[in-house]
Amino acid sequence: QVQLVESGGGLVQAGGSLRLSCAASGRTFSTYGVGWFRQAPGKERESVADINWSGGITSYRASVKGRFTISRDNAKNTVYLQMNSLKPEDTAVYYCAAGNPVLSRYPYWGQGTQVTVSS
């Protein structure tokens, strides 16, 4: 079993930065890939970025490439999402999930953290 808790969300002006953290419990966390997802009001949930178990492979949706960076510290059981040059369209609830990014199967989800970007 893996439990995930996101933190680091908040209100920021356009152009600003936030760093989200996804802290995990469970000794097997380092064997899972992790994805960050977001869902804006009235919209479908979408994948933002993902990282494999070792941190050596990452991928991003096109709209965040060059602005967001996903990383992980397995010694701390934590995955991060550094978000720079934020835009109002990045406003959403952000979730982390643990599982298999290649198969897009994520059995473990956090509760989400709100990110609001003002123009």
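Remember, predicted model here, so these are calculated numbers, not experimental data.

Caption draft 1: Expanded view of the environment of Tyr32. Inspection of the secondary structure assignment puts Tyr32 in the loop between β3 (18-25) and β4 (33-39). Spatially, the C-alpha atoms of Tyr32 and Ala14 are 33 Å apart, while their sequence positions differ by 18 residues. Residues within four places of Tyr32 in sequence aside, it is in contact with Val2, Asn52, Trp53, Arg72, Ala98, Gly99 and Tyr108.

Caption draft 2: Examining the pairing of β3 more closely. When strand β1 (residues 3-7) meets β3, the two strands line up antiparallel, connected through 5 bridges. Bridging across to β3, Val5 finds its partner in Ala23. Alignment of β3 against strand β8 (residues 78-83), held across 6 bridges, turns out to be antiparallel. Paired with Leu18 across the bridge in β8 is Met83.

Caption draft 3: Layout of the state of the cysteines. Under the criterion given, the structure shown has 1 disulfide. Across a sulfur-sulfur distance of 2.1 Å, Cys22 and Cys96 are joined as a disulfide pair. As the torsion about the S-S bond is roughly 70°, the Cys22-Cys96 disulfide counts as right-handed. Separated by 74 residues along the polypeptide, Cys22 in strand β3 and Cys96 in strand β9 (residues 92-100) bring together distant segments of the chain. Look at Cys22 and you get buried, because its relative accessible area is 0%.

Caption draft 4: Broad picture of the nonpolar core. Formed by 29 residues in total, the largest nonpolar core has its most connected members in Leu4, Trp36, Leu81, Met83 and Tyr94. Listed by contribution, the elements that provide at least two residues to this core are β3, β4, β5 (46-51), β7 (68-73), β8, β9 and β11 (113-118). With near-sequence residues (within four places) excluded, Leu4 lies in contact with Cys22, Ala23, Ala24, Phe29, Cys96, Ala97, Ala98, Tyr108, Trp109, Gly110 and Gln111.

Caption draft 5: Focus on the sheet that holds β8. Overall, antiparallel pairing links the 4 strands, which are arranged β1-β3-β8-β7 in an open sheet. The outermost strands of the open sheet, each flanked by one partner alone, are β1 and β7. Adjacent strand axes in the sheet meet at a mean angle of 15°, parallel and antiparallel pairs treated alike.

What counts and what doesn't
- Counting restarts for each chain, with residues numbered from 1 along the sequence as it is written.
- Restriction of local features to residues with pLDDT of at least 70 applies here, the model being predicted, together with a cutoff of 80 or more for giving and counting side-chain atom pairs; totals for whole chains, interfaces and linings are based on all residues.
- Each side-chain value is derived from all of the structure's non-hydrogen atoms; neither hydrogens nor water enter the calculation.
- Numbering of helices and strands runs from the N terminus, with a helix taken as a DSSP run of H or I at least four residues long and a strand as a DSSP run of E at least two residues long.
- In this analysis, two residues are considered to be in contact whenever any of their non-hydrogen atoms come within 4.5 Å of each other.
- In this scheme, strands are said to pair when DSSP sees at least two bridges between them.
- The rule for a disulfide is simple: a pair of cysteine sulfur atoms within 2.5 Å.
- Partly exposed describes any residue whose relative accessible area lies between the buried limit of under 20% and the exposed limit of over 50%, with all areas from a 1.4 Å probe on protein chains only and scaled to the type maximum.
- Only buried Ala, Val, Leu, Ile, Met, Phe, Trp, Tyr and Cys residues count toward a nonpolar core, and they belong to the same one when joined by side-chain atoms within 4.5 Å.
- As a rule, the C-alpha atoms of each element are fitted with a line to give its axis, helices using only the stretch in contact, and angles between N-to-C directions run from 0 to 180 degrees.

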